[in-house]
Amino acid sequence: MKYSNDNEQKCNIAIFASGTGSNFINIYNHILDGKIFANINILISNNPNCKAIEFAKKNKINYKIINKFRLSNNENIEKVIGKVLIKNNINLIVLAGYMKKIPKQIIELYPRKILNIHPALLPKFGGKGFYGIKVHEAVINSGEKSTGITIHFVDNDYDTGDIIYQKEVDVLENDSAVSLSKRVLELEHKSYPVVVKEFCDKYRKELN
Ligand code: GAR
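Here's a quick rundown of the structure. (Residues numbered from 1 in each chain as written. Predicted model: local features only at pLDDT ≥ 70, side-chain atom pairs only at ≥ 80, totals over all residues. Heavy atoms only, no water.)

Looking now at the state of the cysteines. Following the criterion strictly, the structure yields zero disulfides and no others. The thiol sulfur of C200 is not disulfide-bonded, and the nearest other cysteine sulfur, from C11, lies at 3.9 Å. On the basis of relative accessible area, C200 is assigned to the buried category, the value being 1%. (Disulfide = S-S within 2.5 Å. Buried < 20%, exposed > 50% of the residue type's maximum accessible area, 1.4 Å probe, protein only.)

Given below as structure tokens:
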């Protein structure tokens, strides 16, 4: 289904990303193509030199870099993030390779409105230190025959929030962490927009 450009209120999304940003760019393209009824109001990153920020600059997407080095004396991360989210009327937060913990205050401000994607079948290969390629290295070293993706709500711990969606990927005999990561990422790109779209459609029904 493609959405027409009508006057209905769209779901305002904040994307959080620290790295390449392929999930961010993929969701952005789905919105641009009219497949998700939403706006990306802001990209938040801790990493000024990441590809996600580069893409935002090129495509004139509003962005904000928030990290401890950029705070003034009387500021803290949670207050700055909270202010940016409120100022941008955010309804949904989408973590897309964001490598920092979301402060408790932000989780309280957005209950069950913060989504994360993880490149494994949680609760396996999740928790502090399991991110990006490290997850796939651990899967290969464990000898598991399958892995996958998990999309879940974010709670106060790493990778422990309620699971919304999971899908399996076979680990092939000659897989390296890199080859496996590519197939897992492909599945992320198919799945994350579907879940984000569902959330935005639900929001649309409630509001309009
Ligand atoms: C993705 O594989 C995502 O699942 C993973 O980081 C990668 C980001 O890729 N997230 C985690 O490991 C979270 N614990 P991207 O920057 O190309 O979207």
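Anyway, onward from the coordinates.
Moving on, we get to the site of the ligand. Around the ligand there are 14 residues in total, and G21, S22, N23, G132 and E188 lie nearest to it. Within the side chain of N23, one N or O atom sits 2.9 Å away from an oxygen atom of the ligand. Separating an oxygen atom of the ligand from a backbone N or O atom of I117 is a distance of 3.5 Å. For the ligand, the protein covers 89% of the area, taking 450 Å² as the surface of the free molecule. Of all the secondary structure elements, the ones that give two or more residues to the shell around the ligand are helix 1 (22-32), strand 5 (114-118) and helix 6 (177-207). In the shell around the ligand, the residues fall into six nonpolar, seven polar and one charged. (Near = heavy atom within 4 Å. Polar contact = N/O pair within 3.5 Å; in protein donor to acceptor, adjacent residues only side chain to side chain. Areas by Shrake-Rupley, 256 points an atom, 1.4 Å probe, with all protein chains shown as cover. Helix = DSSP H or I, 4+ residues; strand = E, 2+ residues; numbered from the N terminus. Nonpolar A, V, L, I, M, F, W, Y, C, P; charged D, E, K, R; others polar.)

Here we take up the packing of helix 1 against helix 6. Where helix 1 contacts helix 6, the axes come no closer than 10 Å and their chain directions differ by 45°. By the angle between their directions, the pair helix 1 and helix 6 is classed as oblique. At the point where helix 1 passes helix 6, the crossing takes the right-handed sense. Contact residues: helix 1 offers S22, N23, N26, I27 and H30, while helix 6 offers L185, E188, H189, Y192, P193 and V196. In the contact of helix 1 with helix 6, the residues fall into five nonpolar, five polar and one charged. (Axes fitted to C-alpha atoms, helices over the stretch in contact; angles between N-to-C directions. Parallel < 35°, antiparallel > 145°, perpendicular 65-115°, else oblique. Left-handed = near helix turned anticlockwise from the far one by under 90°. Contact = heavy atoms within 4.5 Å.)

Geometry only, nothing functional implied.
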